[in-house]
Amino acid sequence: MSQTIPEYTINLEDQALLIANEIFNLINEYTNDSQISKFFLTDEVASCCYGLSAGFASVIYTPVLDPELTVDSTLLSFLYALMTYGFNIYLKERSLRTNSQPYTMPYDKKIVRKAQKNTLSRTSKGNLLSTPLADNIIAIIIENIASQMNLTEFQIKKHRMNKRKFWDYVKLSLYWGYNFAEELIDKKVSMTSKLSQVQKIN
C-alpha cells in the first residue's frame, strides 16, 4: 500500500492513540465564529476528496453504481470522511514533527488540482508514502471500524458490496488523504503562485 519514510517519535502506539483521539475530537471544535468544524477541509480541497470518494464508492458494488446512486450512498460519505481523516493525520503529524510550524493551505483551484493529479500518479505507481506513526494511527481507525461498524449500513438494493474491495478502499482512502495533504502542503506545488493565492493557517 505505502512506502515508509523515516519516523521521529517514540512510543508509537501511545502517540498514535492520542492523535487518533485528537482528530476525532476536531469534529466538535470550531475556529472563532465558524460554523464549520476544524475537522473539515477547505472547499477546494474537499471537492477533490469528494469526487475521488465517489469513484471509490461506485466500484465497490456489483453492478457498479450509477452516479445518482453513488451520490446518495452512505459509503460515499464514509469514504470521504476517511480521506478527510487521513488529511488530518498528516496535519497533526506535521505539527508534531515541526513543533507546530504554520503552513500555507493553497486555495487556488489549479494548485489543488495539480496536487490531486500528483497524488493520483503516486497511487497508480504504488508510491504512496507513510510513516510508522501514520501506519499506527490508520491501524487504530481500521480496527475501530471492524469492531464497531455494521457493514449492513452500506447495503444497496440490487447491488452486492464486495467486502474485500471495501476494506481495500477503506485503507486506500486514509492513505490517499494523508498523501494528498503532504503533496499539497509540503511538496511546494504552490511555489509559482502569488502570495495572494494562499492563506496562512496558524
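Residues numbered from 1 in each chain as written. Predicted model: local features only at pLDDT ≥ 70, side-chain atom pairs only at ≥ 80, totals over all residues. Heavy atoms only, no water.

Chemist: Explain the overall build of the chain to me, and be specific about the residues and the numbers.
Modeler: The number of helices and strands found in the chain is seven helices and six strands. Helices and strands in the chain line up, N terminus first, as β-α-α-β-α-α-β-α-β-α-β-α-β. Put simply, the chain has 202 residues, and 43% of those count as buried. Across the chain, the fraction of contacts at a sequence separation of at least 24, relative to all contacts at a separation of at least 6, is 83%. Accessible area for the chain stands at about 11300 Å²; split by element, carbon and sulfur atoms hold 51% of it. (Helix = DSSP H or I, 4+ residues; strand = E, 2+ residues; numbered from the N terminus. Buried < 20%, exposed > 50% of the residue type's maximum accessible area, 1.4 Å probe, protein only. Contact = heavy atoms within 4.5 Å. Areas by Shrake-Rupley, 256 points an atom, 1.4 Å probe, with all protein chains shown as cover.)

Chemist: Describe the packing of helix α2 (residues 43–59) against helix α4 (residues 74–98), and please don't skip the residues or the numbers.
Modeler: Their axes nearest at 8 Å, the elements α2 and α4 cross at an angle of 130°. By the criterion of interaxial angle, the relationship of α2 to α4 is oblique. Considering the relative orientation of α2 and α4, their crossing is right-handed. Two secondary-structure elements touch here, α2 through Val45, Ala46, Cys49, Tyr50, Leu52, Ser53, Ala54, Phe56 and Ala57 and α4 through Leu75, Leu76, Leu79, Tyr80, Met83 and Phe87. Of the residues contributing to the contact of α2 with α4, the split by class is 14 nonpolar, one polar and no charged. (Axes fitted to C-alpha atoms, helices over the stretch in contact; angles between N-to-C directions. Parallel < 35°, antiparallel > 145°, perpendicular 65-115°, else oblique. Left-handed = near helix turned anticlockwise from the far one by under 90°. Nonpolar A, V, L, I, M, F, W, Y, C, P; charged D, E, K, R; others polar.)

Chemist: An account of the packing of aromatic side chains is needed here, citing residue identities and associated values.
Modeler: The description of two aromatic rings rests on the distance between their centres and on the angle between their planes. Inspection of every chain in the model, using the stated rule, returns nine aromatic pairs. Where Phe154 meets Phe166, the ring centres are 5.5 Å apart and the plane angle is 40°; that geometry is what we call tilted. Taken together, the residues span a long stretch of sequence, with Phe154 in the loop between α6 (132–148) and β5 (160–161) and Phe166 in helix α7 (residues 163–186) at a distance of 12 residues. On the basis of relative accessible area, Phe154 is assigned to the buried category, the value being 2%. With a centroid separation of 5.0 Å and 80° between ring planes, the pair formed by Phe166 and Trp167 is classed as edge-to-face. With relative accessibility at 28%, the residue Trp167 sits in the partly exposed group. (Phe/Tyr/Trp six-rings, centres within 6.5 Å; stacked < 30°, edge-to-face > 60°.)

Chemist: Talk me through the pattern of salt bridges; I want residue IDs and the actual numbers.
Modeler: What the rule picks out here adds up to five salt bridges. Here Asp186 and Arg94 are joined by a salt bridge, their closest N and O atoms 3.1 Å apart. One end of the pair, Asp186, is in helix α7; the other, Arg94, is in helix α4, with 92 residues separating them in the sequence. With a closest N to O distance of 3.2 Å, Asp168 and Arg164 form a salt bridge. Note that Asp168 and Arg164 are positioned in helix α7 at a spacing of four residues, about one turn of the helix. Given the relative accessible area of 37%, Asp168 is considered partly exposed. When its relative accessible area of 54% is taken as the criterion, Arg164 is described as exposed. Connected via shared salt-bridge partners are Arg94, Arg97 and Asp186. (Salt bridge = Lys/Arg side-chain N within 4 Å of Asp/Glu carboxyl O.)

Chemist: Before we move on, can you summarise unusual backbone geometry with the specific residues and values?
Modeler: Residue Pro63 is reached from Thr62 by a cis peptide bond, and omega for that bond is -5°. The backbone of Ser100 sits at a positive phi, close to 65°, despite the residue not being glycine. Despite not being glycine, Lys158 has its phi angle at roughly 65°, a positive value. Among the structural elements, Lys158 can be located in the loop between α6 and β5.

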